[in-house]
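Secondary and tertiary structure notes
The lines below spell out each chain.
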Amino acid sequence: MRHKFFILAALLSTALLMPSAALVVAADVPNPSSLILSCAKESPYSDSLLDIATALAVDADGNVFVTGYSLIEQRMVETGDDDTADDDTASPADDDAEPEYEYDYDWVTVKWEPEGLKAWANRHTGENGDVLGDDKAWDVAADSDGNSYVTGTAYNAQGDRDIVTVKYDADGGLCWTASFDGPESGFDRGNAVALDDEGNVYVTGLASVFDEQFGVLSQDVATIKYDADGNRLWFALYSFGIMDQGKHIAVDADHNVYVSGLATTFMLTLKYDSEGEFGWVSQYFAAESAAGAAGLAVSAAGDAFVAGGAYRGDQSDFDFAAIKYSAAGKDEWIGLYGGADDSRDVPTALFLDTQDHLYVTGYGGEVNASPDYITIKYDALGQEMWRARYSGPEGADYPMDIALDSANRAVVTGSSLKRYVIAEDFDIATVKYDIAGQAEWTARYDSPDNLVDQGTAVAVDSGDNVLAMGTSVARETGPDFVVVKYTRDGDELWVGRHDGPGEFPPDGSCPVSDDDDDMDDDGDDDDMVDDDDSFIPPADDDDDDDNDDGSRCG
């Protein structure tokens, strides 16, 4: 499973991209929010104005799973003064003030078959009833049987946000839902999910706790293990400061668990054994990294590889920092890359091959110059083997994820500025390199309306086909999920788009909203698909299909 989440932000505030999707501050990433918002406002016929894809997984058969979140409802906030009459209590500026809104987001998970047909799309909503919620999915994984696993955050009935993990069967039917409420029942979030060879499920993220030293609420790294039926086997909390979180998780052949993330302002790496007992921890203190780890990989020998941005002198000067830890937690080597002094060189993703060669991608450039894709390959001893740069038409290029094909050829995807018109127009740019780091091909996806397209994740299937995923703006539907499938040679095979919990009818008529009767008991809407022949309904919800433990999956 490959994913990239963080770097997808709260829309309407900063940008489409936020710090996994992955671990840089908002000022470091493209910020086309004004265009995103304007396109959304011009989409009165779309059931969901904003659909943000955060993670991607591909199973052994080439099925594609994308998860994220959709804006379900927006309500204007009542100010207590309708301002319809002249009165002494109204502020002179009230008439010119922008209206304030509250927003309701739900999870959305979509499956495409290898040929590009949309098989199903599920919606998951929190338990807070009619109260507007901020339910968002941040990662997805898929197993060899075609089951998919999604984790994120959702409201509980008490109005707090929990770490919620959901398993769907191959037909999109709900297998189980598991919630974890942290010690302080505040804001808890699942950031990453991984699987082992026995069907156990591992999640990491953050949980609210009370910091007795400082007397304030804080966030700890939360790591949870579930069995194949969704029963919680153990959980572990790790505290370094007041702002800690796990962002990536991996499991080795002995079911030891590795987590990387953020410990206040440092890169954090943790190891637990299969029973949840603490093994070791390392914080990279040599240079601060305000965003934490940009990725995590574990070798067959149990060595852990992480990467992140490191300050070289001040907060305007970032370098790549790639680190290898032994199975016992000893740092074996550190690879640093920095462009010119005072340049911002920030890694965003990594991938490890079977020879323990590490591939790191991120963005960087010269001082006062637009950033480019920077991709580096290290050998098993941490020596740089090659370095490649991609500069798009306008020179503002932000890679978000990296994957390898069966011959260890690297594929990178992200966002690349195409042109400046009224606002910035980004494309999803995917670059494939040969084993020597030379570009084999570059493919750019631009939506039919030539608006903003931002790449978030990439994966390679068993046939070496490339799947690039992100969020793409259309005039009629606003930002949508998008998946582009390419052959190993870079030829486009198909494009899949998804617009929220209901689709804009192809004939252009007003959409028909999904009725409540279409919802499963868990709030999942199994009818969120195109009104075309590509819809394959999920399994029936008959109680007779349920296992004794409430799961419909074997």
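Reading the values: rules and limits
- Residues numbered from 1 in each chain as written.
- Predicted model: local features only at pLDDT ≥ 70, side-chain atom pairs only at ≥ 80, totals over all residues.
- Heavy atoms only, no water.
- Helix = DSSP H or I, 4+ residues; strand = E, 2+ residues; numbered from the N terminus.
- Buried < 20%, exposed > 50% of the residue type's maximum accessible area, 1.4 Å probe, protein only.
- Areas by Shrake-Rupley, 256 points an atom, 1.4 Å probe, with all protein chains shown as cover.
- Core = buried A, V, L, I, M, F, W, Y, C linked by side-chain atoms within 4.5 Å.
- Contact = heavy atoms within 4.5 Å.
- Salt bridge = Lys/Arg side-chain N within 4 Å of Asp/Glu carboxyl O.
- Pairing = 2+ DSSP bridges.
- Axes fitted to C-alpha atoms, helices over the stretch in contact; angles between N-to-C directions.
- Phe/Tyr/Trp six-rings, centres within 6.5 Å; stacked < 30°, edge-to-face > 60°.
- pLDDT = per-residue confidence, 0-100.
- Patch = residues over 30% accessible without salt bridge, like charges linked within 9 Å, V, L, I, M, F, W, Y side chains within 5 Å.

1. Let's talk about the overall build of the protein
Looking only at helices and strands, the protein features one helix and 32 strands. Within the protein, the proportion of its 554 residues that are buried is 60%. Approximately 21600 Å² of the protein is accessible, and the part contributed by carbon and sulfur atoms is 45%.

2. Remarks on the nonpolar core
Ile402, Ala410, Tyr433, Val466 and Tyr486 are the most contacted members of the largest nonpolar core, which has 27 residues in total. Among the nonpolar cores identified, the runner-up in size contains 16 residues, and Val64, Val66, Val110 and Phe481 belong to it.

3. Remarks on the side chain of Asn63
Assignment of secondary structure puts Asn63 in the loop between strand E1 (51-58) and strand E2 (64-76). Excluding anything up to four places from it in sequence, Asn63 contacts Ala57, Val58, Lys111, Trp112, Glu113 and Pro114.

4. Brief notes about the pattern of salt bridges
Considering all chains together, one arrives at 13 salt bridges under this definition. For Lys324, the salt bridge goes to Asp303, with nearest N and O atoms at 3.8 Å. Highlighted residues: Lys324 in strand E19 (residues 318-325) and Asp303 in the loop between strand E17 (293-298) and strand E18 (304-311), separated in sequence by 21 residues. Classification of Lys324 as buried rests on a relative accessible area of 11%. Salt-bridge contacts for Asp405 lead to Lys432; the nearest nitrogen and oxygen are separated by 3.2 Å. Separated by 27 residues along the polypeptide, Asp405 in the loop between strand E25 (397-404) and strand E26 (410-420) and Lys432 in strand E27 (residues 424-433) bring together distant segments of the chain. The exposure class of Asp405 is buried, given its relative accessible area of 5%. One salt-bridge network, held together by shared partners, links Asp405, Arg409, Lys432 and Glu440.

5. What to know about the pairing of E17
For E17, the tally of buried residues reaches six of six residues, placing the bulk of the element in the interior. The hairpin turn running from E17 into E18, its antiparallel successor, is five residues long, and Gly302 in that turn takes a positive phi close to 90°.

6. Considerations on the sheet that holds strand E21 (residues 346-352)
Spatially, four strands are ordered E21-E22-E23-E24 in an open sheet, and the strand pairing comes out antiparallel. A single partner strand is all that each edge strand has here, and the edge strands are E21 and strand E24 (384-390). Each strand of the sheet is rotated relative to its neighbour by a mean of 20°, with strand direction disregarded. Looking at chain direction, strand E23 (residues 372-378) and E24 are connected through six bridges and run antiparallel.

7. Focus on the packing of aromatic side chains
Applying the stated criterion across every chain, the model contains 19 aromatic pairs. Taken together, a centroid distance of 5.2 Å and an interplanar angle of 65° make the contact between Tyr373 and Tyr390 edge-to-face. With a gap of 17 residues between them, Tyr373 in strand E23 and Tyr390 in strand E24 connect regions that are remote in the sequence. When sorted by exposure, Tyr373 lands in the same class as Tyr390, which is buried. Between the aromatic rings of Trp386 and Tyr433, the centroid separation amounts to 5.9 Å while the plane-to-plane angle is 40°, which identifies the pairing as tilted.

8. Things to note about the confidence of the model for the protein
Here the protein shows a mean pLDDT of 79. Residues at 70 or above account for 73%. Element-level pLDDT for the protein is lowest in helix H1 (residues 33-41), with a mean of 38, against a maximum mean of 98 in strand E28 (residues 439-445). Counted against residues more than four places away or in other chains, residues 83-87, with its pLDDT under 50, gives four contacts.

9. Notes on a nonpolar patch on the surface
Nonpolar side chains collect at one region of the surface, where Val216, Ile242 and Met243 lie side by side and expose about 230 Å² of accessible area between them. Note on placement: Val216 falls in strand E11 (residues 216-226).

10. Let's talk about the sheet that holds strand E10 (residues 201-211)
Spatial strand order, E9-E10-E11-E12: four strands in an open sheet with antiparallel pairing. The open sheet has two edge strands with one neighbour each: strand E9 (189-195) and strand E12 (232-238). Mean inter-strand twist for the sheet, computed between neighbouring axes without regard to direction, equals 30°. Pairing between E10 and E11: 11 bridges, direction antiparallel. Pairing of Val203 across the sheet is with Ile224, part of E11.

11. Thoughts on the pairing of E9
Within E9, six of the seven residues are buried, which leaves it mostly tucked inside the rest of the structure. In the sheet, E9 pairs with E10 via six bridges, with the strands oriented antiparallel. Paired with Val193 across the two strands is Val203, which belongs to E10. Turn length for the E9-E10 hairpin, with the two strands adjacent in sequence and antiparallel, is five residues, and the turn residue Gly199 shows positive phi of about 90°.

12. Regarding the environment of Gly172
Within the secondary structure, Gly172 is located in the loop between strand E7 (161-168) and strand E8 (174-180). For Gly172, a relative accessible area of 1% corresponds to the buried category. Each C-alpha atom of the pair Gly172 and Asn147 lies 8.2 Å from the other, and the pair is 25 residues apart in sequence.

13. Examining unusual backbone geometry
Located in the positive-phi region is His255, a residue other than glycine, with phi close to 70°. Tracing the backbone shows His255 in the loop between strand E13 (244-251) and strand E14 (257-263). A positive phi angle, near 60°, is found at Asn408, a position not held by glycine. Examined against the element boundaries, Asn408 turns out to sit in the loop between E25 and E26.

14. Some remarks on the environment of Ile428
With respect to the element layout, Ile428 can be found in strand E27. With 40 residues separating them along the chain, Ile428 and Ala468 place their C-alpha atoms 8.0 Å apart.

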